[in-house]
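Given next are the chains, with one letter for each unit.
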Amino acid sequence: VQLQASGGGLVQARGSLRLSCAASGRAFSNYAMGWFRQAPGKEREFVATITRTAGITYYADSVKGRFIISRDNAGNTGYLQMNNLTPEDTAVYYCAAAFVRISEILTTASRYDYWGQGTQVTVSS
């Protein structure tokens, strides 16, 4: 499956952005989806994940209550709604997909099979 992330940009603190992840090539509903981010000089970190049928979501503590992950399997697209952004959220955001046979919560980058190219999110203070 090929992934294309979009929606990043420059936003002021306390603002919002919605990232999209368009999937193509294979049945999107067979894949768990996740979002990760990488800030300059830091390792890639888990942000959020959603199971195949969108029944279960899971978030990193740093974004819980502010970010919402969702997906539209019919439209082959995943989303990350980011609210109340802070400068600490500045990073390149990556969407990822993992082929799974059951609903699984995947928070480790190595569990994901496919990655998008990343989209830059910059939050100014």
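Whatever comes next refers back to the structure up there.
Presented here is an overview of the structure given in this document.

Our focus in this paragraph is the nonpolar core. Judged by nonpolar contacts, the single largest core of 39 residues is most densely connected at Trp-35, Val-47, Phe-67, Ile-69, Leu-80, Met-82 and Tyr-93. The leading source of residues in this core is strand β9 (residues 91-99), at six residues. Setting aside residues up to four positions removed in sequence, Phe-67 forms contacts with Arg-37, Val-47, Tyr-59, Leu-80, Gln-81, Met-82, Asn-83, Leu-85, Asp-89 and Tyr-93.

Turning to the packing of aromatic side chains, a few remarks are in order. Each aromatic ring pair is described using two quantities: the centre-to-centre distance and the angle formed by the ring planes. All chains considered together, the criterion is met by seven aromatic pairs. Relative to Tyr-112, the ring of Phe-36 lies with its centre 5.3 Å away and its plane at 80°, an arrangement referred to as edge-to-face. Taken as a pair, Phe-36 in strand β4 (residues 31-38) and Tyr-112 in the loop between β9 and β10 (114-115) lie far apart in primary sequence, 76 residues in all. For the pair formed by Phe-36 and Tyr-112, the shared burial category is buried. Centroid distance Phe-36 to Trp-115: 5.1 Å. Interplanar angle 55°. Geometry classified as tilted. On the criterion of sequence distance, the pair formed by Phe-36 in strand β4 and Trp-115 in strand β10 is long-range, its members being 79 residues apart. Assessed through its relative accessible area of 28%, Trp-115 is described here as partly exposed. Through a chain of ring-to-ring contacts, three or more aromatic side chains come together here, namely Phe-36, Phe-46, Tyr-58, Tyr-112 and Trp-115. Cation over ring: Arg-44 sits above Tyr-94, and NZ or CZ is 3.9 Å from the ring centre. The ring of Tyr-58 carries Lys-64 above its face, with NZ or CZ at 6.0 Å from the centroid.

This part is about the environment of Cys-95. For Cys-95, the location among the structural elements is in strand β9. Apart from the residues within four sequence positions on either side, Cys-95 is in contact with Leu-3, Ala-5, Cys-21, Gly-34, Trp-35, Tyr-114, Trp-115 and Gly-116.

Rules used throughout
- Residues numbered from 1 in each chain as written.
- Predicted model: local features only at pLDDT ≥ 70, side-chain atom pairs only at ≥ 80, totals over all residues.
- Heavy atoms only, no water.
- Core = buried A, V, L, I, M, F, W, Y, C linked by side-chain atoms within 4.5 Å.
- Buried < 20%, exposed > 50% of the residue type's maximum accessible area, 1.4 Å probe, protein only.
- Helix = DSSP H or I, 4+ residues; strand = E, 2+ residues; numbered from the N terminus.
- Contact = heavy atoms within 4.5 Å.
- Phe/Tyr/Trp six-rings, centres within 6.5 Å; stacked < 30°, edge-to-face > 60°.
- Lys NZ or Arg CZ within 6 Å of the ring centre and 35° of its normal.

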